[in-house]
Amino acid sequence: MAIKSLIINPGSTSTKIGVFEDETLLFEETLRHSTEEISQYATIFDQKDFRKKIITDLLKEKNFDVNSLNMVVGRGGMLKPIQGGTYAVTDDLLEDLKVGVQGQHASNLGGILAREIADSIGVPSYIVDPVVVDELVPAARYSGMAEIPRGSIFHALNQKAVAKRYAAENGKPYESLRLIVVHMGGGVSVGAHEGGKVVDVFSAFDGDGAFSPERAGGVPCGALVKLCFSGKYTEKEIYAKLIGKGGFNAYCGTNDMRDVEKMVQNGDKKAEEVREAFITQIAKDIGAMACVLKGKVDQIIVTGGIAYDKVVVGGLKEKAEWIAPMTVYPGEDELTALAQGGLRVLRGEEELQVY
C-alpha cells in the first residue's frame, strides 16, 4: 500500500511543502512570505496559525484530500542535542520547539506544524535529523578552552541523506562505511561518518572550519579578541562579521558562488584567490576528518548547492582524492530526505526515536 506524506520545511521568509506518494513527489510549492507579513509576529511560534492556514489553503487549491495522508513530517529545529534519526513529535519535543531551547529559528515551526496538522487527521508526525544532531565522540568535544566545548550544529539532514543514498546505491549498510561528507551551501560543514554516526564535524553554525559564502569559519582567535575589544564594533556587528557578512560576502560582496565565478572569468584576481582559498580550506577539513577515521576512508561525498560548481569540485578532487574516491551529489533535496526518514520508520527499516 502506498504511503502518502505531507512534508513541511519552514524558512525565515518562506514555507516549502511537498506531498509524496512513497518516494514519488506529487507536487511541491514554496510559499513566500513578505517582510511585512512576518514582522507582524513577535515570536517564531506566533507565526504558527498564519503558516498553517496558507498550507491548508494550498492543499485545498490543489484539491488534495488531507485525510488521505499517512504521516506529516516537519523540518526539525533548535532542540537539545540528539542522536540522528526520525523522531516522533511528542509533547516534550513540541514544548522544546516552542521554547527554542537552543535558539529561535523558523525551522522550529516544522515539527509544530506537522504535529498540529497530523493530530487533526489522526496520523503520526515526525521530524528527521535536525541541525542539532550530536553524535560526537568525547575527544571531539575538546576545543582547548574548558569554558567552550566544541558542539555539533550542522547540515545533518542532507549529510545523513546523501551518506545513506551512497550506501544504498552500493549495496552496503550505512553503518558499515567510513565516510567524509562535505556540505557546501550558505554554510559549509565537513563530517566524519563512522558506524552510522557523525563522530566529528566542522560545525557550520558559528565559527568552525572553512569559510563559506556567508560565514567566516575558524578565524584567528587572538585577532578576533582584539577586534572585539577595539571599541569599533558592537557585539551584534562582530557577530554579523562572523555569520552573514563573512566569507565570500566579506571578500567579494556576494554570497553566490556563481557571482564569484563570473568575477574570475572577468579577470578578477582577488576573486580567483578567494575561490582557491575556499577550495583549500575545505580540502584541509577533509584531511582532518581523514585523520579522525585513521586514514580508513571508503568514500568522500560532496553535496550542497556549490557541488554544482565544476571548478570547485575539480579542485577538491585534485587536493583530496588521494585520500579516497569522491562522489558528488549536487544540491540538497530536503523535502525528499524528510519523506525518506518517515518512510523508513513506517516500513520498519529504522527504529523510531523518542525525544
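Okay, so let's go over this structure. (Residues numbered from 1 in each chain as written. Predicted model: local features only at pLDDT ≥ 70, side-chain atom pairs only at ≥ 80, totals over all residues. Heavy atoms only, no water.)

Turning our eyes to something else, we now look at the overall build of the chain. Helix and strand counts for the chain stand at twelve helices and eleven strands. Scaling as 2.2 N^0.38, a compact globule of 355 residues should have a C-alpha radius of gyration of about 20 Å, and the chain matches this with 21 Å. If one aligns the C-alpha atoms of the chain with their principal axes, the spans along those axes are about 55 × 50 × 45 Å. Per-residue burial for the chain yields a buried fraction of 50% across its 355 residues. Of the roughly 16800 Å² of accessible surface on the chain, a fraction of 51% belongs to carbon and sulfur atoms. (Helix = DSSP H or I, 4+ residues; strand = E, 2+ residues; numbered from the N terminus. Rg over C-alpha atoms; globule rule 2.2 N^0.38 Å. Buried < 20%, exposed > 50% of the residue type's maximum accessible area, 1.4 Å probe, protein only. Areas by Shrake-Rupley, 256 points an atom, 1.4 Å probe, with all protein chains shown as cover.)

Within the structure shown, the criterion is met by 23 salt bridges. Linking Glu116 and Lys48 is a salt bridge whose minimum nitrogen-to-oxygen distance equals 3.2 Å. A residue pair is termed long-range when its members are at least 10 positions apart, and Glu116 in helix α4 (residues 108-121) and Lys48 in helix α2 (residues 48-61) qualify at 68 residues. A residue is classified by how much of its surface remains accessible, and Glu116, at 28% relative accessible area, is partly exposed. Owing to a relative accessible area of 11%, Lys48 belongs among the buried residues under this scheme. Members of the salt-bridge network, linked through shared partners, are Lys48, Asp49, Lys52 and Glu116. (Salt bridge = Lys/Arg side-chain N within 4 Å of Asp/Glu carboxyl O.)

Take helix α9 (residues 257-265) next. Spacing of three or four residues puts side chains on the same side of an α-helix, whose turn is 3.6 residues. Among the residues of α9, those classed as buried are Met257, Val260, Glu261 and Val264. An end-on view of α9 places all buried positions within 100 degrees of arc, on one side of the element. Facing away from the buried side of α9 by more than 90 degrees, the exposed set consists of Arg258, Lys262 and Gln265. Buried residues along α9 sit in contact with α8 (248-252), α10 (269-292) and α11 (310-320). The N-capping residue of α9, defined by a side-chain oxygen 2.8 Å from the backbone nitrogen of Arg258, is Asp256. (Arc of directions from axis to C-beta. Contact = heavy atoms within 4.5 Å. Polar contact = N/O pair within 3.5 Å; in protein donor to acceptor, adjacent residues only side chain to side chain.)

This part covers empty space enclosed by the protein. All chains considered together, the criterion is met by one cavity of 30 Å³ or more. One number sums up the size of the largest cavity: a volume of about 80 Å³. Lining the largest cavity are 16 residues; nearest its centre among them are Ala204, Gly207, Asp208, Arg215 and Gly217. Residues belonging to the lining of the largest cavity are distributed by class as follows: eight nonpolar, five polar and three charged. (1 Å grid on protein atoms, 1.4 Å probe; cavity = no way out; pocket = protein on both sides within 12 Å on 5 of 7 lines; lining within 4 Å. Points joined across faces, edges and corners; volume = space filled by probe spheres on them. Nonpolar A, V, L, I, M, F, W, Y, C, P; charged D, E, K, R; others polar.)

The analysis is restricted to geometry; functional conclusions fall outside its scope.
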